[in-house]
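Listed below are the residues making up each chain.
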Amino acid sequence: MDFYFQAANVLDRLDSKQGSIKSVLASLPESGRARTAALVIETLKYKVALTEVINASRILLEERKIKSLNLTLTLVLVHDLLLSRGIQAGDGPIKQAILRHKTRLRSELQRIKIKRGVKSDLELANNGDERAARIPRYVRVNTCLWTTEEAIRHYQEKGFTLTDPFSSDKAFAQDEHIPDLLMFHPQRQFHDDVCYTTGKVILQDKASCFPATVLAPPATDDSVVIDATAAPGNKASHLSALMANMGKLYAFERDQKRYRTLKAMLNKAGCKNAEAINVDFLTVDPTDPKYGMVTHILLDPSCSGSGIVNRLDHLLEADDDNVEGLENRLNKLASFQLRMIKHAMKCKAHSFIPLPMAILCTQYTLVPAVQKIAYSTCSIHVVENEQVVRQALNSEEATQNGFELVPRAQALPAWHRRGRGDVGCKDRAESLIRCSSDEDATNGFFVACFIKTQVTRFVEKADTIKRKPGNTVPDSKRRKKRRKHWSAEN
């Protein structure tokens, strides 16, 4: 019976909006998680019909002496009684209470089918968000472990054909915007695919691949990158792959459980250059020497999730927040998102780095640390997207550190849908990226990328000053001149 109590507890958590179906199920112990998940999802599919059956049978009223028998527990038990192989638990007062009403429950189910004009139990199920059927099953090739060419060849050898992914369940295609992304039929499942279980492919929506792609971290030994909110690890593993597993990737996650998920994901994906850190990014000192050479930061903070077309969460009842309640929630999220961006913009270099004497007149020059910041949400709301970007650009952090938006040429120029220009970002809309769940075969998404326009200001100035042959100025005086020159520039 513990199995049914656990499934009922998941339903209670979902009813109280403690997370998405995926996140709540992910928090369960791995042992038995798959069985519990299957029951929860199937119960949700038939929840409307089952609730009607339970209410009509008056089972909760007549068995009210059994205190632990509430609606959610009754739902999962009645599901297995009527729609599965029966209640899989030993005899006890709760099971006997349900079985006492078996005949009435079955007759009420039959009455509902007649009322709705359906012949089979399957026709009572919630078939979900129709948009999900228009979104391919996106599978990103993890180039930390193999190449896209090898992956394509592998699936061809498994009987798949390179063609329109909607044409059959054995068809797939290569995405035109993200070369390492493959598209399969929406109903194609990968949870038992050996490439998925070994980390060679990662299930990741196309739009979710845009932030790392736009950030474009360098694949060099001295590359240092931060993913500020990294769990569960899809975007972090994408960054690692784009970096060719070189340099250093710091992946932050403040929540302990999600941190463990992140570590497992990075290990499974073979991200050898990544270090998972169980710390809130907002608590990190921007001048901490450990992160002094970070040049690229990816920010994907908590958001409303209003753009997600989830193959599971359509099973939940619609949020009934009123307009004022939604507005307050969005404003709180936007405030947090803006804090994240401004905090990232504060990151400074902590030391001087040597550059070739033959090129520069100085032995050392200070290269400002953070050069690019990618900001993304899976939200459709302007208040979390264009409005946050506008406020970030007008902030003291942006003006003092010289941050602007990258031009369209550096932000997936071939992607057609850009930012909204009617909400205060008219001159910058082309630099922003939007995805529509209704029209673009992706989740609703937003991406902006900030770049430090002054990043090479001092280096370029120094580059124009060549050391004169025969220069006999003592080293101490040359150092004084260099200090004066640097101070004048800054």
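Residues numbered from 1 in each chain as written. Predicted model: local features only at pLDDT ≥ 70, side-chain atom pairs only at ≥ 80, totals over all residues. Heavy atoms only, no water.

1. A few points about the overall build of the chain
The helix and strand tally for the chain stands at 18 helices and 15 strands. Within the chain, counting contacts between residues at least 6 apart in sequence, those at least 24 apart form 72% of the total. For the chain, the accessible surface area stands at approximately 24,300 Å², while carbon and sulfur atoms represent 50% of it. (Helix = DSSP H or I, 4+ residues; strand = E, 2+ residues; numbered from the N terminus. Contact = heavy atoms within 4.5 Å. Areas by Shrake-Rupley, 256 points an atom, 1.4 Å probe, with all protein chains shown as cover.)

2. Points about the confidence of the model for the chain
Summary statistics for the chain give a mean pLDDT of 87 and a share of 86% for residues scoring 70 or more. Note on residues 455-490: pLDDT is under 50 here. Beyond four places in sequence and across chains, it has 30 contacts. (pLDDT = per-residue confidence, 0-100.)

3. A word on the pattern of salt bridges
Where side chains of opposite charge bring their charged atoms close, a pairing between them can arise. Tallied over the entire structure, the rule returns 22 salt bridges. The closest approach of N and O atoms between Glu108 and Arg104, which form a salt bridge, is 3.1 Å. On the criterion of helical spacing, the pair formed by Glu108 and Arg104 is a turn pair, its members being four residues apart in helix α8 (residues 102-116). Of the charged contacts, one joins Asp280 and Arg254 as a salt bridge, the two residues approaching to 3.7 Å between their closest N and O atoms. One end of the pair, Asp280, is in the loop between β8 (274-277) and β9 (296-299); the other, Arg254, is in the loop between β7 (248-252) and α13 (256-268), with 26 residues separating them in the sequence. (Salt bridge = Lys/Arg side-chain N within 4 Å of Asp/Glu carboxyl O.)

4. What about the environment of Ala251?
Along the polypeptide, Ala251 turns up in strand β7. C-alpha of Ala251 to C-alpha of Val225: the two residues are 26 residues apart in sequence and 8.6 Å apart in space.

5. A few points about the packing of helix α4 (residues 47-57) against α8
Packing of α4 against α8 brings their axes to within 9 Å, and their N-to-C directions diverge by 125°. On the basis of the axis angle, α4 is oblique to α8. As α4 packs across α8, the resulting crossing turns out to be right-handed. Residue-level contacts link Val48, Ala49, Glu52, Val53, Ala56 and Ser57 of α4 to Arg104, Leu105, Glu108, Leu109, Arg111, Ile112, Lys115 and Arg116 of α8. A breakdown of the residues in the contact of α4 with α8 according to their chemical character gives seven nonpolar, one polar and six charged. (Axes fitted to C-alpha atoms, helices over the stretch in contact; angles between N-to-C directions. Parallel < 35°, antiparallel > 145°, perpendicular 65-115°, else oblique. Left-handed = near helix turned anticlockwise from the far one by under 90°. Nonpolar A, V, L, I, M, F, W, Y, C, P; charged D, E, K, R; others polar.)

6. Remarks on the nonpolar core
Membership of the largest hydrophobic core comes to 43 residues, with the highest contact counts inside it found for Tyr4, Leu77 and Ile98. Taken together, the elements giving at least two residues each to this core come down to α1 (2-15), α2 (21-26), α3 (33-45), α4, α6 (71-83), α7 (93-99) and α8. Grouped together as the second largest cluster of nonpolar side chains are 38 residues, Val294, Phe336, Val383 and Phe446 included. (Core = buried A, V, L, I, M, F, W, Y, C linked by side-chain atoms within 4.5 Å. Buried < 20%, exposed > 50% of the residue type's maximum accessible area, 1.4 Å probe, protein only.)

7. Some details on the packing of aromatic side chains
One pass over the full model with this rule turns up 14 aromatic pairs. Seen in terms of ring centroids, Tyr155 and Phe190 are 6.2 Å apart; in terms of plane orientation they differ by 75°. Their pairing is edge-to-face. Of the two residues, Tyr155 is situated in helix α9 (residues 148-157) and Phe190 in the loop between β4 (181-184) and α10 (194-197); the sequence distance between them amounts to 35 residues. The burial state of Tyr155 is the same as that of Phe190; both residues are buried. Seen in terms of ring centroids, Tyr375 and Phe446 are 6.5 Å apart; in terms of plane orientation they differ by 70°. Their pairing is edge-to-face. Taken together, the residues span a long stretch of sequence, with Tyr375 in strand β12 (residues 372-377) and Phe446 in strand β15 (residues 445-452) at a distance of 71 residues. As far as burial versus exposure is concerned, Tyr375 and Phe446 are alike and both buried. By the ring-pair criterion, three or more aromatic residues cluster together here, those being Tyr155, Phe160, Phe172, Phe184 and Phe190. Residue placement shows Lys170 over the ring face of Phe160; its charged tip is 4.1 Å from the ring centre. Over the ring of Tyr196 we find Lys268, and its NZ or CZ is 4.3 Å from the ring centre. (Phe/Tyr/Trp six-rings, centres within 6.5 Å; stacked < 30°, edge-to-face > 60°. Lys NZ or Arg CZ within 6 Å of the ring centre and 35° of its normal.)

8. Quick notes on α9
If you check which residues of α9 are buried, you get Thr148, Ala151, Ile152, His154 and Tyr155. The buried residues of α9 occupy an angular sector of 160° when the element is viewed end-on, so they sit on one face. Exposed side of α9, more than 90 degrees from the buried face: Glu149 and Glu157 are the residues found there. In this structure, the buried side of α9 is in contact with β1 (137-141), β2 (161-162), β3 (171-174), β4, α10 and β5 (201-203). At the exit of α9 stands Gly159, carrying a positive phi of roughly 100°. (Arc of directions from axis to C-beta.)

9. Here we look at the sheet that holds β4
Here we have five strands laid out as an open sheet, ordered β2-β3-β4-β1-β5, and mixed in their pairing. Of all the strands in the sheet, the pair left with one neighbour each is β2 and β5. The strands touched by α9 within the sheet are β1, β2, β3, β4 and β5, with β3 carrying the most contacts at an inclination of about 165°. Against the sheet, helix α12 (residues 234-242) makes contact with β1 and β5, and its axis sits at roughly 40° relative to β1, the strand it touches most. (Pairing = 2+ DSSP bridges.)

10. A short note on the side chain of Lys113
As for its position among the elements, Lys113 is in helix α8. Non-local contacts of Lys113, meaning those with residues more than four positions away in its chain, are made with Val118, Lys119, Ser120, Asp121 and Leu124.

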